[in-house]
Amino acid sequence: MSKTDAAGAGTRPTLLGEEIVARIDQLAAISEAPSHLARIYLTPQHRKAADLLLSWMREAGMSAHLDAIGNVCGRYEGETPGLACLMLGSHYDTVRDAGKWDGPLGLITAISCVADLNRRGRRLPFAIEVTGFADEEGVRFASTLLGSRAVAGTFDESVLNSRDQAGISMREAMVAFGLDPDHIGAAARARRELLGYVELHIEQGPVLEEKGLPVGVVTAIAGATRLAAKITGMAGHAGTVPMALRRDALAGAAECITAIEEFCRTDDGGLVGTVGYIDALPGATNVIPGKVSFTIDIRAPTDMHRKRAVADIVRQIEAIAKRRGLALQLDVTHENRTVPCAPWLKAQVAEAVAGEGYAVFELPSGAGHDGMAMIDVADVAMLFVRCRGGISHHPDEHVELADADAGARVLLRLIENFRLGP
Ligand code: HGY
Ligand code: MN
Ligand code: MN
């Protein structure tokens, strides 16, 4: 934190922040290619990262293991063994060409907080568990929150049959990784084991920076709907088929994409829509595209707004396909309702923020987080840490060391003052 922060706690040693930033860099070196950061579920990089995280957990005084879906799980016992836990966590998979903070910041900070308690020999009247979720982004199997859904006991077994771009099913990838796809249920936790779930995460937006605050208290995580669209037209010769006779799947998809953009752009209620992936076949310069697949991601501040928007967008896409004589298949691949943070737990996050000398500022999360799945097994709260320029899902994603430290101090204070219920 700089001395010029609007609401700050003055200058302090930033020891936790230094450890956190060094580890963020160490973890970021584990990537499918040196040119960009990508750490994808059930790959050798997943394994390598898990081993490193497990070693940090053990060093912090936790017992640690890889669970049935590939999450890393650390446990720091309380005053007596076997107590229910406050669970902290975040994810350690990434998008492609990712920033290094999205996910790992929360996980690494939680480990550093436990390490600090351990160094001081501090035991609490509850256990602390730190979970690193193996797949939150859903890059590989087009289904997100796989790690946290397994922990929440809501993993959808049908995802095991979905295939990655190389045609490998999730079931096959799990077996190759050394996990048993028939025992994912073993990762599930019972509600009575968890006193609450708290996730620290970078904001991924510009609000805290604008406010001059290093941390913020999250009110709710916005819901999202994701769809997979397949458009089938007729492939043909680029030189011989007259324009009027074409059924070009890619031109149809392009019209759909701009319609989605226009629909969301002209909405004044915070609706956002993204087509982030497209594939056209057969994919040759001189062939009219016959088959196109693309994804759609729709989010809004309220569930009702999002659902209405999805229905309208689907109607528009169907009309475009019909007018162009294209076959259309639309599948919902992901649907998450808006998840409110639990008032009693949010109040304790706010207390910790104030306790560290920062102004308490509340904001919603437009991005999705593991808490969306964890809500099915525990009350959820989140703490946001400021990032530079609101940039995320991009290699320029950045958090200042002082802000990483501020986040850690707030989280540590929250843990040490944590009490069950309002
Ligand atoms: O897409 C999301 O909101 C999250 O970053 N996975
Ligand atoms: Mn992300
Ligand atoms: Mn994330």
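## A closer look at the overall build of the protein
When its secondary structure is counted, the protein shows 11 helices and 16 strands. Here the protein has a C-alpha radius of gyration of 23 Å; the compact-globule value for 422 residues is 22 Å, and the two agree. Its C-alpha atoms give the protein principal-axis dimensions of about 80 × 50 × 40 Å. Expressed as a percentage of the 422 residues in the protein, the buried residues total 55%. Put simply, of all contacts in the protein between residues at least 6 apart along the chain, 78% involve residues at least 24 apart. Element-wise, carbon and sulfur atoms account for 54% of the exposed surface of the protein, whose accessible area totals about 17,600 Å². Seen as two clouds, the 43 positive and the 54 negative side-chain charges of the protein have centres 2 Å apart.

## Quick look at the coordination of the manganese ion (ligand 2)
For a metal bound by four donors in tetrahedral geometry, the ideal donor-metal-donor angle is 109.5 degrees, whereas six donors in octahedral geometry ideally sit at 90 or 180 degrees. The manganese ion (ligand 2) binds to the protein through Asp-102 (OD), Glu-137 (OE), Glu-137 (OE) and His-393 (NE2); the donor distances cover 2.0 to 2.8 Å. In terms of primary sequence, the donors binding the manganese ion (ligand 2) are separated according to D-x34-E-x255-H. The metal-metal distance between the manganese ion (ligand 2) and the manganese ion (ligand 3) is 3.6 Å, with Asp-102 coordinating both. Of this pair, Asp-102 sits in the loop between β3 (85-91) and α3 (104-119) while His-393 is found in the loop between β16 (380-385) and α11 (401-417), placing the two residues 291 residues apart along the sequence. A residue is classified by how much of its surface remains accessible, and Asp-102, at 5% relative accessible area, is buried.

## Describing the side chain of His-46
Among the secondary structure elements, His-46 is positioned in helix α2 (residues 44-59). Sequence-distant contacts of His-46, defined by excluding residues within four places in its chain, comprise Arg-39, Ile-40, Tyr-41, Gly-70, Tyr-92, Ala-134 and Phe-177.

## Details of the site of ligand 1
The local shell around ligand 1 consists of Glu-136, Glu-137, Arg-226, Arg-299, Ala-367, Gly-368 and His-393. Here an oxygen atom of ligand 1 sits 2.6 Å away from a polar atom, N or O, in the main chain of Gly-368. Between ligand 1 and the protein, one listed contact pairs an oxygen atom with a side-chain N or O atom of His-393 at 3.1 Å. Protein burial of ligand 1: of its 210 Å² of free accessible surface, 94% is covered by the chains. Considered class by class, the residues forming the shell around ligand 1 number one nonpolar, two polar and four charged.

## Concerning the confidence of the model for the protein
Across the protein, the average pLDDT comes to 95, with 97% of residues at or above 70. Below a pLDDT of 50 lies the segment residues 1-9, which in the model reaches 21 contacts outside its immediate sequence neighbourhood of four places, other chains included.

## Looking at the pairing of strand β7 (residues 224-232)
As judged from the nine bridges shared by β7 and strand β12 (residues 291-299), these two strands associate in the antiparallel manner. When the sheet's bridge partners are listed, Ala-229 is paired in β12 with Phe-294. Pairing analysis gives nine bridges linking β7 to strand β13 (residues 327-336), with the strands arranged antiparallel. Counted as the bridge partner of Lys-230 is Gln-329 from β13.

## What to know about the packing of aromatic side chains
Within the structure shown, the criterion is met by four aromatic pairs. Arranged with centres 6.0 Å apart and planes meeting at 50 degrees, the rings of Trp-344 and Phe-418 form a pair that is tilted. Highlighted residues: Trp-344 in helix α9 (residues 343-355) and Phe-418 in the segment after α11, separated in sequence by 74 residues. Accessibility assignment for this pair places Trp-344 and Phe-418 in one class, buried. Joined through ring pairs, the aromatic side chains of Phe-126, Trp-344 and Phe-418 make up one cluster. The ring of Phe-177 has Arg-47 lying over it, and the distance from NZ or CZ to the ring centre is 4.1 Å. Directly above the aromatic system of Tyr-76 lies the positively charged group of Arg-123, at a separation of 4.0 Å from the ring centroid.

## Digging into unusual backbone geometry
Here the residue pair Leu-281 and Pro-282 is connected by a cis peptide bond, since its omega of 5 degrees sits within 30 degrees of zero. Along the chain, Pro-282 falls in the loop between β10 (278-281) and β11 (287-288). For Leu-145, which is not glycine, the phi torsion reads 60 degrees and is therefore positive. Mapped onto the elements of the fold, Leu-145 is located in the loop between β4 (127-133) and α4 (146-152). Of the residues examined, Leu-145 reaches a relative accessible area of 2% and is grouped as buried.

Criteria and thresholds
- Residues numbered from 1 in each chain as written.
- Chains lettered and ligands numbered in written order.
- Predicted model: local features only at pLDDT ≥ 70, side-chain atom pairs only at ≥ 80, totals over all residues.
- Heavy atoms only, no water.
- Helix = DSSP H or I, 4+ residues; strand = E, 2+ residues; numbered from the N terminus.
- Rg over C-alpha atoms; globule rule 2.2 N^0.38 Å.
- Buried < 20%, exposed > 50% of the residue type's maximum accessible area, 1.4 Å probe, protein only.
- Contact = heavy atoms within 4.5 Å.
- Areas by Shrake-Rupley, 256 points an atom, 1.4 Å probe, with all protein chains shown as cover.
- Lys, Arg positive; Asp, Glu negative; His and termini not counted.
- Charge placed at Lys NZ, Arg CZ, Asp CG, Glu CD.
- Donors = N, O, S within 2.8 Å, 3.2 Å for Na, K, Ca; no water.
- Near = heavy atom within 4 Å.
- Polar contact = N/O pair within 3.5 Å; in protein donor to acceptor, adjacent residues only side chain to side chain.
- Nonpolar A, V, L, I, M, F, W, Y, C, P; charged D, E, K, R; others polar.
- pLDDT = per-residue confidence, 0-100.
- Pairing = 2+ DSSP bridges.
- Phe/Tyr/Trp six-rings, centres within 6.5 Å; stacked < 30°, edge-to-face > 60°.
- Lys NZ or Arg CZ within 6 Å of the ring centre and 35° of its normal.

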